[in-house]
Structure formats: structure tokens, C-alpha cells
Amino acid sequence: MESMEAELKSLTQVWITVLLCLTYCYLISRDIPKGMFRLISVLPIIPIFIILPLSLTSIHLLGILGFFIAWLANFKLLLFSFNQGPLSSPSISFLHFISIACFPINFRQNISPKTEKSISQNPGSSSPLSFLVYAIKGLVIVLLIYVYKFKQYLHPNFIIFLYCVHIYFLLELILIVTAKSVQFLLGLELEPQFNNPFVSTSLQDFWGKRWNLVVTGILRPTVYQPVQFICARIFGKRCAQLIALLATFVVSGLMHELIFYYFGRVWPTWEVFSFFVLHGACLAVEIELKRCFKNRFQLPPLVSGPLTVVFVLVTGSWLFFPQYLRCGADVKSLGEYAIVAESVKGLIQKWWGSFL
């Protein structure tokens, strides 16, 4: 209980620091001309946001703060330095500036009719079934936590598959709860978070249109587009696209390694980085094959879909999850679930006793 109180105290201090830093950006940096001078004014904030998660020990809080602050907020501030991204609107209010910087949300921008139709057909987006869908996913997470008690009797690869489902459902729930809360409080129309990644028909479909669209939306303007613009003048448009694609996956791999470092505080083995580099290379090959065949030869979705999902799961179990297990994140995570369960149980007993 004392450790939980200490963690909550550290969490409060972290958020106070974040709010002070973003207040500085809004009141001072925003009035500095865009470009190098604004970037210089913002640069001191970036290492602060990278270091802040190290004040915490909880796996879940580390993952959330590392993703929200060390990754997304820093990248949004880099865009803001050059008067780009969601923080650069001249009419943005202080409350909107803080909220958009702190949380994985964006204003809804131009979305293709095909993607819009796909998202609208997703029962987990904004349909009447959305609450039921997310409630079922929450129950699945609870069931998985119970199943982990018997993992010594289960095959290791099956456990890794369960971890895949667990992390996907948990990440989706965290993102949607955050987005919907901000949408309710501020009345913003927000971009979707996920779009049925398990029905992807290719790596291009998985990474570009379905998996964690928040990350896709922040990496495209901060990494992909600048690299493509610079390389197009040197290598030509076609090579520039592939170089920019690989650079995007390299940056994503580095940011994931940073979050894994928060978990275990041990020097990375670069397996997670290799996972993203591998997928970037495979995606580049996929794009080139599509260009060569000019869509004359395509696998049917019933074949390409399962192949895509299996490839993601197999490479994830090979390169992504070993580092997750090696740093003890799974054990720490289950311990935190147990603490929360005991706390909730104690509160219920206390409430029930007072009621009686």
C-alpha cells in the first residue's frame, strides 16, 4: 500500500512537470517565429519528457507515460516547432493545446472514403455495439489474467499468443478510453485508434491503415514525409519512398526500445528494434512487388489475410516478446493486477460493511 501511495505521488509530480513544460510551450514558444528559433526553445523540454517516466516503477504507468509523453508529446512538439501538426493552429486554446499534447488524440483530418467506410463498419468504433465490444475485450483481459496462473501447463508459444491478444486489447482500451474522455470533455471530433488489425490483407494494410493509427499519424509527418522530401532530390521519388519507409520503421523501433528500457532498466538487446526493421524491409519488398506486377497478380484476401497475421505473430514471438519476458514485464504486470484486485476487494468489503 505504501508503494502504491509513493507511486501515485510520483505520478502527480510527473504530471505537474508535464503541465508546467507545456504551459511554457504555449505561452512562450508559440510566440517565437517558427523554425530553428522555436525548435531551440522547445529542445530543453524533449529530454525532460524522456526522463520523466523513469520516476515511476509501475509497468502500466511506464508504458502509458512513455507512449504519451516521451513519444507522442515530443514528436508533436517537434512538429509544433515548424508550425505543423495539431498544436500549430493559431486559434487553439490553452486547454486544447495541453490535451492534444498530453494524450494520443488528433483532430479528424482528411480520410479517404474507403477508409472512412471501413472504420464506420467497425463495431468497435462508434456504433451502438461499441460499448458491448469493449466490455467483451475487457472481460477477455480479466480471463487471460486468470489463465496466466496456469501458464506452466501451457505451451510457451500459446502463452505468447495470449500476450499478443492481451496487449492489443489493453492498448486499444487505453487509447479509446483516453480519446472518448477527451472527446466528451472538450467536444473534439477525433481520429480512430484501431481499425480491425486482425483482418489485414497485407503488411501495407496492417501498418498503414489498421494498427495503432495514432502512431502512424505522428510518424508520417515527423519522419516519413521529411525523409522522402530530402531523398527525392538525391535518389529520385521511387527510392525516396522506400528510404523514408525504412527510416520510419527504424525510428519506431528505437522508440519501442526506449519504452522497453523503461520496463526493465537494462541495456536493450535490439530484438525489438530488429522486429521493426524486418517489417520495414518486408513492407518495402511488398510495395516493390506490387509495382512490378502492377496489381496483375494478387493473392485472394482469404489467403493473404491469414498469411499477414501469422507473419506478424511469428515475428513478434521471435523478436518482440523475448525482450518483454526477459525484463520481467509480464511478472511485474501480473503483480500489479493482483495489487489492484486486492485494493478493489478491500474497497468493496469496506463499502459493503458500512452498507450493512
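Counting starts from 1 at the beginning of each chain's written sequence and moves along it residue by residue. This being a predicted model, a pLDDT of at least 70 is required before a residue's local features are given, and a value of 80 or more before pairs of side-chain atoms are given or counted; all residues contribute to the totals for chains, interfaces and linings. Hydrogen atoms and water are omitted, and side-chain values are computed over all heavy atoms in the structure.

Asks: Even after reading the chapter, I still don't get the packing of aromatic side chains, so can you show me in this structure?
Replies: For Phe, Tyr and Trp, rings pair up if their centres lie within 6.5 Å, where Trp contributes its six-membered ring, and each pair is then called stacked (planes under 30 degrees apart), edge-to-face (over 60) or tilted (otherwise). All chains considered together, the criterion is met by 32 aromatic pairs. Relative to W211, the ring of F194 lies with its centre 5.0 Å away and its plane at 75°, an arrangement referred to as edge-to-face. Of this pair, F194 sits in the loop between α8 (156-186) and α9 (203-210) while W211 is found in the loop between α9 and α10 (213-235), placing the two residues 17 residues apart along the sequence. Owing to a relative accessible area of 4%, F194 belongs among the buried residues under this scheme. The criterion for a charge sitting over a ring is simple: Lys NZ or Arg CZ within 6 Å of the ring centre, and within 35 degrees of the ring normal. Just above the ring of Y26 sits the side chain of R30; from NZ or CZ to the centre is 4.1 Å. The aromatic ring of F80 is capped on one face by R38, whose charged end is 4.8 Å from the ring centroid. The numbering of helices and of strands both runs from the N terminus, where a helix is a DSSP run of H or I of at least 4 residues and a strand a run of E of at least 2. For every residue, the accessible area obtained with a 1.4 Å probe (protein chains only) is divided by the maximum for its type, and the residue is called buried under 20%, exposed over 50%, and partly exposed between those limits.

Asks: Please clarify how the side chain of N74 should be interpreted in this entry.
Replies: Tracing the backbone shows N74 in helix α4 (residues 59-81). Exposure remark for N74: the relative accessible area of 2% places this residue in the buried category. A polar side-chain atom of N74 sits 3.3 Å from the main-chain carbonyl oxygen of I46. By the convention used here, residues are in contact when the closest approach between their heavy atoms is within 4.5 Å. Residues within four places of N74 in sequence aside, it is in contact with I45, I46, F49, I50 and I69. Polar contact is the term for a pair of N or O atoms within 3.5 Å; when the atoms are in protein, one must be able to donate a hydrogen and the other to accept it, and sequence-neighboring residues count only if both atoms are side-chain atoms.

Asks: Would you mind going over the side chain of R210 with me for this structure?
Replies: For R210, the location among the structural elements is in helix α9. Assessed through its relative accessible area of 13%, R210 is described here as buried. Looking at R210, its side chain comes within polar contact range of the main-chain oxygen of N196, at 3.5 Å. A polar contact is formed between the side chain of R210 and the side chain of D205, at a distance of 2.9 Å.

Asks: Help me understand the packing of α4 against α8, please; the structure alone is not making it clear to me.
Replies: Angle between the axes and distance between the axes are the two parameters that describe a pair of packed helices. One way to put it is that α4 packs onto α8 with a least axis distance of 12 Å and a crossing angle of 60°. The pairing of α4 with α8 is recorded here as oblique in orientation. Handedness of the crossing formed by α4 with α8: right-handed. Within the contact between the two elements, α4 uses H60, I64, F67 and F68 and α8 uses L170, I174, L175 and T178. Broken down by class, the residue content of the contact of α4 with α8 amounts to six nonpolar, two polar and no charged. Here an axis means a line fitted to C-alpha atoms, over the contact stretch when the element is a helix, while the angle between two N-to-C directions is reported on a 0 to 180 degree scale. Here the angle decides the label: under 35 degrees means roughly parallel, over 145 means roughly antiparallel, 65 to 115 means roughly perpendicular, and every other value means oblique. The hand of a helix crossing depends on one turn: near helix anticlockwise from the far one by less than a right angle means left-handed, and clockwise means right-handed. Think of it as three bins: nonpolar holds Ala, Val, Leu, Ile, Met, Phe, Trp, Tyr, Cys and Pro, charged holds Asp, Glu, Lys and Arg, and polar takes everything else, Gly as well.

Asks: Sorry, what's going on with empty space enclosed by the protein here?
Replies: A water-sized probe rolled over the atoms picks out the places where empty space is left. Using a 1 Å grid laid over the protein atoms alone, points where a 1.4 Å probe fits but cannot get out form a cavity; open sets with protein on both sides within 12 Å along at least 5 of 7 lines form a pocket; any residue with an atom within 4 Å of a point counts as lining. Grid points are joined across faces, edges and corners, and a volume is the space filled by probe spheres set on the points. This model, assessed by the stated rule, comprises four cavities of 30 Å³ or more. Computed from the structure, the second largest cavity encloses a volume of approximately 40 Å³. Taken together, Y148, Y163, H166, Y324, D330, S333 and L334 make up the lining of the second largest cavity. Mapped onto the lining of the second largest cavity, the elements with two or more residues apiece are α8 and α14 (329-355). Counting residues per element, the lining of the second largest cavity draws most heavily on α14, which supplies three residues. In terms of residue class, the lining of the second largest cavity is made up of four nonpolar, two polar and one charged.

The analysis is restricted to geometry; functional conclusions fall outside its scope.
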